[in-house]
Amino acid sequence: MNFATADQPVLVRSAEAEALRDGASSLITLLADSGDTSGALTANKATFRTGSPGAPAHFHTRATEMFYVLSGSMRILLDDTIVTLGQGDFLTVPPTVPHAFAPSAGSEAEMLVVFTPGMDRFDYYRLLERVYRGEASVQEIRDSSEHFDNHYFDSPVWQRELAQR
(Lines give C-alpha, C1' and ligand atoms only; values in the text may rest on other atoms or scores of the structure.)
Protein backbone atom coordinates (compact mmCIF):
# COMPACT_ATOMS: atom_id res chain seq x y z
CA MET A 1 0.00 0.00 0.00
CA ASN A 2 1.41 3.39 -1.00
CA PHE A 3 0.33 6.61 0.68
CA ALA A 4 0.50 9.75 -1.49
CA THR A 5 0.92 12.40 1.21
CA ALA A 6 4.15 13.80 2.62
CA ASP A 7 3.27 13.03 6.22
CA GLN A 8 2.64 9.30 5.69
CA PRO A 9 5.09 6.41 5.41
CA VAL A 10 5.43 4.56 2.12
CA LEU A 11 5.05 0.81 2.52
CA VAL A 12 5.61 -1.48 -0.45
CA ARG A 13 5.10 -5.19 0.15
CA SER A 14 7.40 -7.41 -1.87
CA ALA A 15 4.52 -9.44 -3.28
CA GLU A 16 2.77 -6.27 -4.48
CA ALA A 17 5.75 -4.45 -6.04
CA GLU A 18 5.63 -3.98 -9.80
CA ALA A 19 8.52 -5.77 -11.54
CA LEU A 20 9.65 -4.87 -15.06
CA ARG A 21 12.02 -6.54 -17.51
CA ASP A 22 14.27 -4.07 -19.28
CA GLY A 23 16.27 -6.86 -20.91
CA ALA A 24 16.65 -10.62 -20.97
CA SER A 25 19.03 -10.58 -17.99
CA SER A 26 17.76 -7.83 -15.71
CA LEU A 27 14.71 -6.95 -13.66
CA ILE A 28 13.64 -3.65 -12.09
CA THR A 29 11.37 -3.81 -9.05
CA LEU A 30 9.58 -0.50 -8.47
CA LEU A 31 9.51 0.57 -4.83
CA ALA A 32 8.68 4.28 -4.42
CA ASP A 33 8.42 6.99 -7.05
CA SER A 34 8.66 10.73 -6.53
CA GLY A 35 4.88 11.11 -6.27
CA ASP A 36 4.78 8.53 -3.46
CA THR A 37 7.36 10.44 -1.39
CA SER A 38 6.32 14.04 -2.15
CA GLY A 39 9.49 14.44 -4.18
CA ALA A 40 11.91 13.27 -1.49
CA LEU A 41 13.22 10.21 -3.35
CA THR A 42 12.67 7.51 -5.93
CA ALA A 43 13.71 3.91 -5.18
CA ASN A 44 13.92 0.61 -7.02
CA LYS A 45 15.66 -2.72 -6.73
CA ALA A 46 17.75 -3.77 -9.73
CA THR A 47 18.44 -7.48 -10.26
CA PHE A 48 21.09 -8.60 -12.75
CA ARG A 49 21.84 -12.07 -14.06
CA THR A 50 25.38 -13.01 -15.03
CA GLY A 51 26.33 -11.26 -18.27
CA SER A 52 23.74 -8.49 -18.01
CA PRO A 53 24.91 -5.32 -19.81
CA GLY A 54 23.43 -3.22 -16.97
CA ALA A 55 22.95 0.48 -17.61
CA PRO A 56 24.94 2.25 -20.34
CA ALA A 57 27.07 5.33 -19.68
CA HIS A 58 24.87 8.26 -18.65
CA PHE A 59 24.49 11.11 -16.19
CA HIS A 60 21.73 13.03 -14.44
CA THR A 61 21.60 16.82 -14.04
CA ARG A 62 19.08 17.14 -11.22
CA ALA A 63 19.53 14.22 -8.80
CA THR A 64 22.09 12.24 -6.85
CA GLU A 65 21.88 8.50 -7.56
CA MET A 66 22.75 6.11 -4.75
CA PHE A 67 23.65 2.44 -5.03
CA TYR A 68 23.66 -0.14 -2.22
CA VAL A 69 24.73 -3.66 -3.24
CA LEU A 70 22.41 -6.21 -1.67
CA SER A 71 24.17 -9.26 -3.12
CA GLY A 72 26.83 -10.14 -5.66
CA SER A 73 29.36 -7.78 -7.19
CA MET A 74 28.88 -4.73 -9.39
CA ARG A 75 31.27 -2.79 -11.59
CA ILE A 76 30.59 0.91 -11.82
CA LEU A 77 31.94 3.53 -14.20
CA LEU A 78 32.68 6.85 -12.43
CA ASP A 79 33.94 9.42 -14.94
CA ASP A 80 36.77 7.40 -16.53
CA THR A 81 37.41 5.03 -13.60
CA ILE A 82 35.96 1.58 -12.95
CA VAL A 83 35.22 0.66 -9.33
CA THR A 84 33.95 -2.67 -8.02
CA LEU A 85 31.30 -2.80 -5.32
CA GLY A 86 30.55 -5.92 -3.28
CA GLN A 87 27.73 -6.88 -0.97
CA GLY A 88 27.13 -4.13 1.58
CA ASP A 89 29.04 -1.45 -0.36
CA PHE A 90 27.38 1.93 -0.87
CA LEU A 91 28.05 4.65 -3.45
CA THR A 92 26.59 8.08 -4.17
CA VAL A 93 26.92 9.66 -7.61
CA PRO A 94 26.23 13.42 -7.60
CA PRO A 95 24.50 15.21 -10.48
CA THR A 96 26.52 15.54 -13.73
CA VAL A 97 28.99 12.75 -12.82
CA PRO A 98 29.13 10.26 -15.71
CA HIS A 99 28.43 6.69 -14.61
CA ALA A 100 27.30 3.24 -15.75
CA PHE A 101 26.85 -0.09 -14.00
CA ALA A 102 26.70 -3.83 -14.63
CA PRO A 103 27.37 -6.95 -12.60
CA SER A 104 31.02 -7.95 -12.36
CA ALA A 105 32.14 -10.59 -14.83
CA GLY A 106 30.78 -13.98 -13.75
CA SER A 107 28.54 -12.46 -11.05
CA GLU A 108 24.85 -12.02 -10.48
CA ALA A 109 23.89 -9.02 -8.36
CA GLU A 110 21.09 -7.07 -6.72
CA MET A 111 21.20 -3.37 -5.86
CA LEU A 112 18.98 -0.88 -4.15
CA VAL A 113 18.96 2.27 -6.31
CA VAL A 114 17.75 5.57 -4.85
CA PHE A 115 17.48 9.02 -6.46
CA THR A 116 17.26 12.17 -4.35
CA PRO A 117 15.50 14.42 -4.81
CA GLY A 118 12.90 12.11 -6.29
CA MET A 119 12.47 11.93 -10.04
CA ASP A 120 9.47 10.49 -11.88
CA ARG A 121 11.40 7.41 -13.01
CA PHE A 122 8.78 4.67 -13.04
CA ASP A 123 7.46 5.68 -16.46
CA TYR A 124 11.07 5.64 -17.72
CA TYR A 125 11.48 2.04 -16.50
CA ARG A 126 8.16 1.14 -18.12
CA LEU A 127 9.44 2.65 -21.38
CA LEU A 128 12.56 0.46 -21.13
CA GLU A 129 10.35 -2.60 -20.76
CA ARG A 130 8.25 -1.56 -23.79
CA VAL A 131 11.44 -1.19 -25.84
CA TYR A 132 12.60 -4.64 -24.70
CA ARG A 133 9.22 -6.10 -25.75
CA GLY A 134 9.39 -4.35 -29.13
CA GLU A 135 6.43 -2.09 -28.28
CA ALA A 136 8.48 1.15 -28.35
CA SER A 137 11.64 2.35 -30.07
CA VAL A 138 15.08 3.27 -28.79
CA GLN A 139 14.39 6.70 -30.29
CA GLU A 140 11.67 7.16 -27.67
CA ILE A 141 14.32 6.70 -24.97
CA ARG A 142 16.51 9.31 -26.67
CA ASP A 143 13.56 11.69 -26.99
CA SER A 144 12.77 11.35 -23.28
CA SER A 145 16.25 12.25 -21.99
CA GLU A 146 15.31 15.72 -20.72
CA HIS A 147 12.03 14.64 -19.20
CA PHE A 148 13.55 11.68 -17.31
CA ASP A 149 16.94 13.41 -16.76
CA ASN A 150 18.81 10.46 -18.23
CA HIS A 151 21.53 11.62 -20.63
CA TYR A 152 23.42 8.86 -22.46
CA PHE A 153 26.88 9.22 -24.02
CA ASP A 154 29.59 7.00 -25.53
CA SER A 155 32.29 5.86 -23.10
CA PRO A 156 35.25 3.97 -24.56
CA VAL A 157 36.33 3.10 -20.99
CA TRP A 158 32.98 1.46 -20.28
CA GLN A 159 32.92 -0.33 -23.64
CA ARG A 160 36.36 -1.81 -22.93
CA GLU A 161 35.18 -2.90 -19.46
CA LEU A 162 32.10 -4.64 -20.82
CA ALA A 163 34.21 -6.43 -23.42
CA GLN A 164 36.13 -8.11 -20.56
CA ARG A 165 33.27 -10.43 -19.66
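Structure shown above.
A brief look at the structure comes next. (Residues numbered from 1 in each chain as written. Predicted model: local features only at pLDDT ≥ 70, side-chain atom pairs only at ≥ 80, totals over all residues. Heavy atoms only, no water.)

What about the overall build of the protein?
Regarding its fold elements, the protein presents 4 helices and 10 strands. The linear arrangement of helices and strands in the protein, starting from the amino end, is β-β-β-β-β-β-β-β-β-α-α-α-β-α. For a compact globule of 165 residues, the expected C-alpha radius of gyration is about 15 Å, and the protein comes in at 15 Å, within 12% of that figure. Projected onto its principal axes, the C-alpha positions of the protein cover 45 × 35 × 30 Å. Put simply, of all contacts in the protein between residues at least 6 apart along the chain, 70% involve residues at least 24 apart. Here the protein has roughly 8,400 Å² of accessible surface; of this, 52% comes from carbon and sulfur atoms. Here the protein contributes 13 positively and 22 negatively charged side chains, and the mean placements of these two sets differ by 6 Å. (Helix = DSSP H or I, 4+ residues; strand = E, 2+ residues; numbered from the N terminus. Rg over C-alpha atoms; globule rule 2.2 N^0.38 Å. Contact = heavy atoms within 4.5 Å. Areas by Shrake-Rupley, 256 points an atom, 1.4 Å probe, with all protein chains shown as cover. Lys, Arg positive; Asp, Glu negative; His and termini not counted. Charge placed at Lys NZ, Arg CZ, Asp CG, Glu CD.)

Thoughts on the layout of surface pockets
In this structure, the largest pocket encloses a volume near 550 Å³. Taken together, 33 residues form the lining of the largest pocket, with Asp22, Gly54, Ala55, Pro56 and Leu128 sitting closest to its centre. Those elements giving two or more residues to the lining of the largest pocket turn out to be strand E1 (19-23), strand E2 (26-32), strand E3 (42-48), strand E4 (55-59), strand E9 (109-116), helix H1 (122-133) and helix H2 (138-143). Per element, the largest residue contribution to the lining of the largest pocket is 5 residues, and it comes from H1. (1 Å grid on protein atoms, 1.4 Å probe; cavity = no way out; pocket = protein on both sides within 12 Å on 5 of 7 lines; lining within 4 Å. Points joined across faces, edges and corners; volume = space filled by probe spheres on them.)

Some remarks on H1
Compared with the 16 Å implied by 1.5 Å per residue over 12 residues, the 17 Å span of H1 between its first and last C-alpha is a close match. Regarding H1, the residues found buried are Phe122, Tyr124, Tyr125, Leu127, Leu128, Glu129 and Val131. Once H1 ends, the next one or two residues include glycine 134, with phi positive near 85 degrees. (Expected span 1.5 Å × (residues − 1). Buried < 20%, exposed > 50% of the residue type's maximum accessible area, 1.4 Å probe, protein only.)

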